[in-house]
Amino acid sequence: MKKTVVRAALAAWILSCMFAMTAAASAAIRETEYAGNGRVEAEFTSDVRYRSAKITVRDPEGRKVPAVILDKDEDDLAFALISWQQGKTYTFTISGIKKPGEKNYGSVRGKIRIPVSKGPVPVSRVNYDREDHKLKFEFESLVGWKKPTVSITRGKKQYAVKILEKAGIEMRVRVKNLQKGKVYRYRITGVSSWGEKAFSTVTGDFTA
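So, a few notes on the structure that sits alongside this text. (Residues numbered from 1 in each chain as written. Predicted model: local features only at pLDDT ≥ 70, side-chain atom pairs only at ≥ 80, totals over all residues. Heavy atoms only, no water.)

1. Some words on a nonpolar patch on the surface
- There is a patch of nonpolar side chains on the surface, built from V68, L70 and I82 and spanning about 260 Å² of accessible area.
- Looking at where I82 falls in the secondary structure, it is placed in the loop between β6 (76-81) and β7 (89-98). (Patch = residues over 30% accessible without salt bridge, like charges linked within 9 Å, V, L, I, M, F, W, Y side chains within 5 Å. Areas by Shrake-Rupley, 256 points an atom, 1.4 Å probe, with all protein chains shown as cover. Salt bridge = Lys/Arg side-chain N within 4 Å of Asp/Glu carboxyl O. Helix = DSSP H or I, 4+ residues; strand = E, 2+ residues; numbered from the N terminus.)

This is how it looks when you write it as structure tokens:
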């Protein structure tokens, strides 16, 4: 009888510890990506739940920046900055969020750097697939091409680049060994707004 009671108490204690560990866990951001035009996409490490979710964004000086939540589902959330500046890193807080099974809703924090892009047709979004070594540039509008070239650099180092595809508003290239979280510069020549005869250069940077 005593052994049964002890075993039951031990099982209850283990279950309570497991519950406490679960309750202490919190939602976390796996990756944050800039999607262009002030849009930011935050991907979570696990499924999440929301209750009156809110987004708060601050600039590098700590000033609050207007922002709105655009969309959210169980594993990611998209929001947009109403105003922003290229080259600056913004911090954000998503409140009213928790992991399934948690009792209380809390908040998660992240940051996003707005990339720089200059030229006749600015690049709105850059995405790097580290597994396939493919880099995709998305322009703000349709573009024309004339013998384009692409260079990718970081400091004094220049990376070998091969153009794979160019059409519409996109260009895809292959470039190897870019490190996650590092900032790289690009230079694309032979670009024009669609229908224009004057071709020029687009420059900027991105975070791999």
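2. Some words on the sheet that holds β7
- A sheet is described by the order of its strands in space; here four strands give the open sequence β4-β3-β7-β8, paired in antiparallel fashion. Both outer strands of the open sheet, β4 (64-65) and β8 (106-113), are each paired with one neighbouring strand and no more.
- Bridge count between β7 and β8: eight bridges; the pairing is antiparallel. In the sheet register, Y90 faces β8, and the bridge partner there is I112. (Pairing = 2+ DSSP bridges.)

3. Some words on the pairing of strand β16 (residues 183-193)
- Across eight bridges, the pairing between strand β12 (residues 143-154) and β16 is antiparallel. The partner of V150 across the bridge, within β16, is I188.
- Following β16, the chain reverses through six residues before pairing antiparallel with strand β17 (residues 200-207); G195 in that reversal takes a positive phi of roughly 95°.

4. Points about the packing of aromatic side chains
- Counted by the stated rule, this structure contains six aromatic pairs.
- Pairing F139 with W145 gives two aromatic rings, centres 5.7 Å apart and planes at 75°, and the pair type is edge-to-face.
- Ring centres 6.4 Å apart and planes at 35° place the aromatic pair Y186 and F206 in the tilted group. Residue Y186 is found in strand β16, and its partner F206 is found in strand β17; the two are separated by 20 residues along the sequence.
- Chaining the aromatic ring pairs together yields one cluster made of F137, Y159, Y184, Y186 and F206.
- The ring centre of Y50 lies 5.8 Å from the NZ or CZ of K72, which sits over that ring.
- Between R154 and the ring centre of Y184, over which it is positioned, the NZ or CZ distance is 5.9 Å. (Phe/Tyr/Trp six-rings, centres within 6.5 Å; stacked < 30°, edge-to-face > 60°. Lys NZ or Arg CZ within 6 Å of the ring centre and 35° of its normal.)

5. A short note on the side chain of E138
- Locating E138 in the fold gives a position in strand β11 (residues 134-139).
- In contact with E138, not counting residues within four places along its chain, are V123, S124, R125, I169 and E170. (Contact = heavy atoms within 4.5 Å.)

6. Observations regarding the layout of surface pockets
- Of the pockets and cavities examined, the largest pocket occupies roughly 820 Å³.
- Looking at the largest pocket, it is lined by 36 residues, and the ones nearest its centre are E31, T32, E33, Y34 and I112. (1 Å grid on protein atoms, 1.4 Å probe; cavity = no way out; pocket = protein on both sides within 12 Å on 5 of 7 lines; lining within 4 Å. Points joined across faces, edges and corners; volume = space filled by probe spheres on them.)

7. Points about the sheet that holds strand β15 (residues 170-174)
- Spatially, four strands are ordered β10-β11-β15-β14 in an open sheet, and the strand pairing comes out antiparallel. Each having just a single partner strand, β10 (123-129) and β14 (162-167) make up the two edges of the open sheet. Adjacent strand axes in the sheet meet at a mean angle of 15° when their direction is disregarded.
- In this sheet, β15 lies alongside β11 in antiparallel orientation, the contact comprising five bridges. Bridging across to β15, L135 finds its partner in V173. (Axes fitted to C-alpha atoms, helices over the stretch in contact; angles between N-to-C directions.)

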